[in-house]
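Survey of secondary and tertiary structure
So you can see what is in the structure, the chains are spelled out below.
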Amino acid sequence: MTDANPDLVRALLAESLAAWRVTGRVERASDGALVISGHKSIRIDPAPPDAIFRWMVTADGRMRGAISLVALLRQVREALDPGYAKNRVRIAVAPLVPSS
Amino acid sequence: MTDSVIPVSVLTGFLGSGKTTMLRHLLHQPDFSRTAVIINEFGEIGLDHELIEASQDSLIALTTGCLCCKVRTDLAQTLHDLLQRRDEGRCTAFDRIVIETSGLADPAPILQTLMTDETVASRLVLGGVVTTVDAVNGVSTLEREDISQKQVAVADRIVVTKTDMAGSFPPALRHRLDALNAGAPVVTADHGQTASPLLSGAGLYDPRTRSADVMAWLTDAATGHAHHHHDVEIQTFAIVREEPIRAVTLTLFLEALTEHCGADLLRLKGIVNIAESSRPAVVHGVQHVFHPPAWLDRWPSDDRRSRLVFIARHIPQRWVEVLLAAIDAEVAAVSAK
């Protein structure tokens with residue numbers, strides 16, 4: 001979380017647990033965060049500067065890259081809830097800006 | 001006539017709440033002389049359409065079965081057929097469509113079809129959702145029937161009917177409606193007649209004037225005030241942002257909302273100050289489907305803040321606020337590189 005407010009990201013993770021109705025907590029872990037729920041813990045670290053990802057998410061012994069906060073949230077939720085079926089509809093705000 | 005965008009109004013409300021009476025009255029108004037009406041009735045033999053008398057310039061189509069369950073096929077096909085007949089000059093060149101849902105219909109899939117079906121979405125725009133509520137039985141119906149709560153929650157305008165029978169607009173009903181959807185104006189009807197225009201100006205976006213009746217539904221948004229009621233699951237709240245929002249931030253924000261909220265996001269509507277544009281964008285979503293933003297020619301007032309109104313179930317306002325702030329911070333950081 002080198003170029004983002006780490007407190008804001010941790011706050012987002014904590015609020016996300018509440019929104020998903022998942023019991024758990026979020027702790028500071030170096031420059032990242034540790035999400036703990038039951039016996040499961042998920043570690044989130046900033047990606048190395050030369051990586052194409054922005055975040056590295058480690059859950060169940062496996063590390064995966066996340067390209068954005070939206071991807072980060074998806075990975076954390078999938079790790080917490082294996083039955084979570086994410087909505088695969090993608091939003092295309094097209095055009096991003098009006099033509100005139 | 002294929003170049004014009006046709007507004008579609010959805011008239012919904014629980015069984016016996018007075019939809020057909022209201023529609024019958026509306027179709028006698030001069031403004032509704034060129035209206036195509038789609039009436040959905042639950043059951044193989046419908047009766048409602050027999051109760052409707054329309055002018056010769058109006059057109060009535062009938063679907064049976066539960067519209068929300070068969071919406072992907074029946075409604076889309078009916079709309080497509082209507083448009084084709086209009087284009088080919090085989091019927092009156094109607095300039096609006098009214099869909100009367102069955103009393104048991106969930107309006108959300110109907111709205112989604114209007115926004116997403118590729119055969120009709122480019123030709124139609126949601127003109128607004130009008131929901132009828134019975135003054136006599138409304139409180140108990142809303143207490144008992146989840147679908148009636150949803151019908152009220154997604155409304156752009158609420159019509160309390162049968163006040164002539166109830167003798168008044170019951171305070172308990174007003175309280176209940178406020179808890180479910182404080183942003184929607186409430187009018188009363190006497191024998192299906194109201195003193196206020198019902199379907200005009202009820203929607204988010206008027207394609208003819210390229211304006212939005214945002215002031216009507218942003219009444220409470222200016223304060224960011226939330227409306228909760230401890231005994232109802234549905235709540236309304238507004239997110240207000242002073243600073244313009246980047247287009248990419250908005251895209252990612254909407255994507256995260258739809259991914260994580262799904263059916264709990266009953267409706268989202270808002271006007272957004274996009275950083276890259278001087279024109280405001282009107283966004284509109286139902287559950288996991290969002291309409292492409294409509295760009296207004298100008299701001300409707302001097303208030304240039306972004307205002308997003310949520311009608312939701314089990315979605316904490318705080319999470320939505322932090323989500324937007326965090327995504328915006330990330331997009332700003334990436335943009336600065």
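Shown above is the structure to which this text applies.
What counts, and at which threshold
- Residues numbered from 1 in each chain as written.
- Chains lettered and ligands numbered in written order.
- Predicted model: local features only at pLDDT ≥ 70, side-chain atom pairs only at ≥ 80, totals over all residues.
- Heavy atoms only, no water.
- Helix = DSSP H or I, 4+ residues; strand = E, 2+ residues; numbered from the N terminus.
- Polar contact = N/O pair within 3.5 Å; in protein donor to acceptor, adjacent residues only side chain to side chain.
- Buried < 20%, exposed > 50% of the residue type's maximum accessible area, 1.4 Å probe, protein only.
- Pairing = 2+ DSSP bridges.
- Expected span 1.5 Å × (residues − 1).
- Salt bridge = Lys/Arg side-chain N within 4 Å of Asp/Glu carboxyl O.

Residue and element names in this part refer to chain B. By the element assignment, E276 lies in the loop between β9 (265–272) and β10 (281–286). When the C-alpha positions of E276 and R246 are compared, they lie 6.7 Å apart, and in sequence the two are 30 residues distant. A distance of 3.1 Å separates a polar atom in the side chain of E276 from the backbone nitrogen of A247.

Residues and elements named next belong to chain A. Counting buried residues along strand β2 (residues 32–37), five of its six residues qualify, which places the element largely inside the surrounding structure. Where strand β1 (residues 25–29) and β2 come together, five bridges link them in antiparallel fashion. Directly across from E27, in β2, lies its bridge partner L34. The antiparallel pairing of β1 with β2 creates a hairpin that spans two residues between the two strands, and S30 there sits at a positive phi of about 55 degrees. In the sheet, β2 pairs with strand β3 (residues 40–46) via five bridges, with the strands oriented antiparallel. In the strand pairing of β3, A33 is matched with I44. If you look at the hairpin formed by β2 and β3, you'll find two residues sitting between the two strands, and G38 has a positive phi there, around 60 degrees.

The subject of this paragraph is helix α10 (residues 317–336) of chain B. Between its first and last C-alpha atoms α10 of chain B spans 29 Å; for 20 residues at 1.5 Å apiece the expected length is 28 Å, and the two agree. Within the span of α10 of chain B, buried status applies to Q317, W319, V320, V322, L323, L324, A326, I327, D328, E330, V331 and A333 of chain B.

This next bit is on the pattern of salt bridges. Taken as a whole and judged by the stated rule, the model has 23 salt bridges over all chains. The closest approach of N and O atoms between R74 of chain A and E259 of chain B, which form a salt bridge, is 2.8 Å. Here E259 of chain B lies in helix α9 (residues 247–261) and R74 of chain A lies in helix α2 (residues 69–80), a pairing that spans two chains. The two residues R74 of chain A and E259 of chain B agree in class, both being buried. For E143 of chain B, the salt bridge is made with R176 of chain B, and the minimal N-O distance between the two is 3.7 Å. Note that E143 of chain B is positioned in helix α4 (residues 138–144) and R176 of chain B in helix α7 (residues 171–181), a separation of 33 residues in sequence. The exposed category is assigned to E143 of chain B, whose relative accessible area is 51%. On the basis of relative accessible area, R176 of chain B is assigned to the buried category, the value being 7%.

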